[in-house]
Amino acid sequence: MEELLSTFMRAVFVDNMLFAYYLGMCSFLAVSKNVKTALGLGVAVTFILVCTLPINYMLENYVLKEGALSWLGSGYAEVNLSFLSLLIFIAVIASFVQLVEMVIERYAPALYTSLGIFLPLIAVNCAILGGSLFMQQKAFANAGVATVYGLGSGLGWLLAIVGMAAIREKLTYSNVPKPLKGLGITFIITGLMGIGFMCFSGLKI
Amino acid sequence: MGLSNKSKEILAGPLSKNNPVIIQMLGICSALAVTSKLEPSIVMAVSVTAVVAFANVIISLLRNTIPNRIRIIVQLVVVAALVTIVSEVLKAFAFDVNKQLSVFVGLIITNCILMGRLEAFALGNGPWESFLDGLGNGLGYGIILVIIGFFRELFGSGTLLGFQVIPEVFYQWGYVNNGLMILPPMALIVVAVIIWVHRARNKDLQEN
């Protein structure tokens, strides 16, 4: 239980996908213009992370890792398929994104139009593949921890994009130097938010 | 050179006016994450250029046979295969750098430049133009990466490619490396400064 909680808190605050590793930056910058859309995208990303991480965890530990196939019999104990992991992870993620896309199109058409091209692009949102790759690197104890890690990183990303969208809504009324308008100032704000988030880095739970 | 004007345009556009990172907002994730030193920045720039150029060629050759509905998955598979090759090559010949880049080699797959160029260019153009387009965009991305890496390593550690650049005397006079430059958030601010300079010089790129 303690492990779950600490994994979760670390994923949200200390190892925040966006501010510590810059993952999912492209959609972060492009979709953070208003809070509602940002919230929709954040929820979609969290959902996909929570669904794909346990699946990829199972695949990694029972199919791909060196010796992972030993449950098939002793002859398979030395098979190492880890070079396939990128391909398999991305395939799992892409099919899940397709699924979520269809669900959103059916039940929330307004959100579907406002997300536009960024919905199919969730498949190439680095935060999601990044989640699976970090899961591989961190070698979690069981699928439960991996799921909680997915939930934590998703919520951390959601927090970041909603915060950013709120700041940008206010920013419309301020006087920014012309060449910095739009993209430039967004970068600076993200940097400052990142420095803010660094105060969590010494945190131990 | 036997390049026509159109080819030159395709190759040179992404270097400045249509730069993938600072104008089109693509591929920012990795541009920020690997640039705390110059060497990984260069390796990353070369890897991405190679992957984007060849992925463009392959998709452009296949463009008339891919059914529209499943094109994203086909593109991802092509890209993932190329990235797997690059990652194995790096593991074999540049193990240390590969360690520093950690998950970011794998994340080339989700580098938006790749999907962006495949969708926007390779699906509608021939293999040779697509190759040039990929090369141009890869280089445009590489330039930004190298600039960021250069400044972050110079001010953050006082070295370039691992060699001491700032003389010892400066340190004795009280010069201190700016540790903040190594930390992630500063990459964003360096990019913002690049955008600022670039847009101040090209007024037509400014946003209203």
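Residues numbered from 1 in each chain as written. Chains lettered and ligands numbered in written order. Predicted model: local features only at pLDDT ≥ 70, side-chain atom pairs only at ≥ 80, totals over all residues. Heavy atoms only, no water.

Caption draft 1: Structural detail: the overall build of chain A. Of regular secondary structure, chain A possesses nine helices and zero strands. In terms of overall dimensions, chain A has a C-alpha envelope of 70 × 45 × 30 Å along the principal axes. Per-residue burial over chain A gives 50% buried out of 205 residues. Excluding contacts between residues fewer than 6 apart, the proportion of contacts in chain A whose partners are at least 24 apart in sequence is 76%. Here chain A has roughly 9200 Å² of accessible surface; of this, 67% comes from carbon and sulfur atoms. Charged side chains of chain A number 11 positive and 9 negative; the gap between the two group centres comes to 18 Å. (Helix = DSSP H or I, 4+ residues; strand = E, 2+ residues; numbered from the N terminus. Buried < 20%, exposed > 50% of the residue type's maximum accessible area, 1.4 Å probe, protein only. Contact = heavy atoms within 4.5 Å. Areas by Shrake-Rupley, 256 points an atom, 1.4 Å probe, with all protein chains shown as cover. Lys, Arg positive; Asp, Glu negative; His and termini not counted. Charge placed at Lys NZ, Arg CZ, Asp CG, Glu CD.)

Caption draft 2: Spotlight on the packing of aromatic side chains. Evaluated as defined, the whole model comprises ten aromatic pairs over all chains. When the ring of Phe-19 of chain A is compared with that of Phe-197 of chain A, the centres are 4.7 Å apart and the planes differ by 40°; the resulting orientation is tilted. With Phe-19 of chain A in helix H2 (residues 17–21) and Phe-197 of chain A in helix H9 (residues 183–197), this pair connects stretches of sequence that are 178 residues apart. The exposure classification of Phe-19 of chain A matches that of Phe-197 of chain A, with both residues buried. For the ring pair Phe-54 of chain B and Phe-131 of chain B, a centre distance of 6.1 Å and an interplane angle of 55° mean the geometry is tilted. With a gap of 77 residues between them, Phe-54 of chain B in helix H3 (residues 38–62) and Phe-131 of chain B in helix H7 (residues 127–157) connect regions that are remote in the sequence. On the basis of relative accessibility, which here comes to 46%, the residue Phe-54 of chain B falls in the partly exposed class. With relative accessibility at 24%, the residue Phe-131 of chain B sits in the partly exposed group. One aromatic cluster is present, built from ring pairs that chain together Phe-13, Phe-19, Phe-197 and Phe-200 of chain A. Above the face of the Tyr-107 of chain A ring, Arg-106 of chain A is positioned so that its terminal group lies 5.0 Å from the ring centre. (Phe/Tyr/Trp six-rings, centres within 6.5 Å; stacked < 30°, edge-to-face > 60°. Lys NZ or Arg CZ within 6 Å of the ring centre and 35° of its normal.)

Caption draft 3: Spatial organisation of the interface of chain B and chain A. The interface is formed by 41 residues belonging to chain B together with 40 residues belonging to chain A. Counting the contacts that link chain B with chain A gives zero salt bridges. Taken together, the connections running from chain B to chain A amount to zero residue pairs in polar contact (both at pLDDT 80 or more). For the side of chain B that touches chain A, the secondary-structure elements that each account for two or more residues are helix H2 (28–33), helix H4 (71–93), helix H6 (112–120) and helix H9 (184–201) of chain B. The element that contributes the greatest number of residues to the side of chain B that touches chain A is H9 of chain B, accounting for eleven residues. Per-class residue counts for the side of chain B that touches chain A are 31 nonpolar, seven polar and three charged. (Salt bridge = Lys/Arg side-chain N within 4 Å of Asp/Glu carboxyl O. Polar contact = N/O pair within 3.5 Å; in protein donor to acceptor, adjacent residues only side chain to side chain. Nonpolar A, V, L, I, M, F, W, Y, C, P; charged D, E, K, R; others polar.)

Caption draft 4: Region of interest: H9 of chain B. The terminal C-alpha atoms of H9 of chain B, which comprises 18 residues, lie 27 Å apart, in line with the 26 Å expected from a rise of 1.5 Å per residue. Inspection of H9 of chain B places Pro-185, Met-186, Ala-187, Leu-188, Ile-189, Val-190, Val-191, Ala-192, Ile-194, Ile-195, His-198 and Arg-199 of chain B among the buried residues, and these make up the whole buried set. Residues of H9 of chain B that are buried make contact with helix H3 (25–31) and H9 of chain A together with H2 and H7 of chain B. (Expected span 1.5 Å × (residues − 1).)

Caption draft 5: Fine view of the confidence of the model for chain B. Put simply, chain B has an average pLDDT of 81, and 97% of its residues get 70 or more. This complex was scored by the predictor with a pTM of 0.79 and an ipTM of 0.76. (pLDDT = per-residue confidence, 0-100.)

Caption draft 6: Up close: the packing of helix H4 (residues 35–64) of chain A against helix H8 (residues 143–171) of chain A. Residue and element names in this part refer to chain A. At a minimum axis separation of 8 Å, H4 and H8 run at an interaxial angle of 165°. By the criterion of interaxial angle, the relationship of H4 to H8 is roughly antiparallel. Regarding H4 and H8, the two cross each other, and that crossing is right-handed. Grouping the constituent residues of the contact of H4 with H8 by class yields 23 nonpolar, six polar and one charged. (Axes fitted to C-alpha atoms, helices over the stretch in contact; angles between N-to-C directions. Parallel < 35°, antiparallel > 145°, perpendicular 65-115°, else oblique. Left-handed = near helix turned anticlockwise from the far one by under 90°.)

Caption draft 7: Just the nonpolar core, in detail. Ranked by internal contacts, the top residues of the largest apolar core, which has 111 residues, are Met-25, Phe-28, Ile-122, Trp-157 and Phe-187 of chain A together with Met-44 and Ile-109 of chain B. Setting aside residues no more than four positions away along its own chain, Trp-157 of chain A makes contact with Met-17, Leu-18, Leu-23, Gly-24, Ser-27, Phe-28, Leu-41, Gly-42, Val-45, Asn-125 and Ala-127 of chain A. (Core = buried A, V, L, I, M, F, W, Y, C linked by side-chain atoms within 4.5 Å.)

Caption draft 8: A look at H8 of chain A. Taking 1.5 Å per residue as the helical rise, H8 of chain A with its 29 residues ought to reach 42 Å, and the 42 Å between its terminal C-alpha atoms agrees with that figure. Measuring from the backbone nitrogen of Gly-144 of chain A back to the side-chain oxygen at the start of H8 of chain A gives 3.0 Å, which picks out Asn-142 of chain A as the cap.

Caption draft 9: Geometry of the pattern of salt bridges. According to the stated counting rule, one finds four salt bridges over all chains in the structure shown. Between Asp-133 of chain B and Arg-117 of chain B there is a salt bridge whose closest N-O contact spans 3.0 Å. Here the residue Asp-133 of chain B occupies a position in helix H7, and Arg-117 of chain B occupies one in helix H6, the gap between them amounting to 16 residues. Its relative accessible area of 3% is what places Asp-133 of chain B among the buried residues. A single salt-bridge network, built from bridges that share partners, covers Arg-10, Asp-15 and Lys-138 of chain A.

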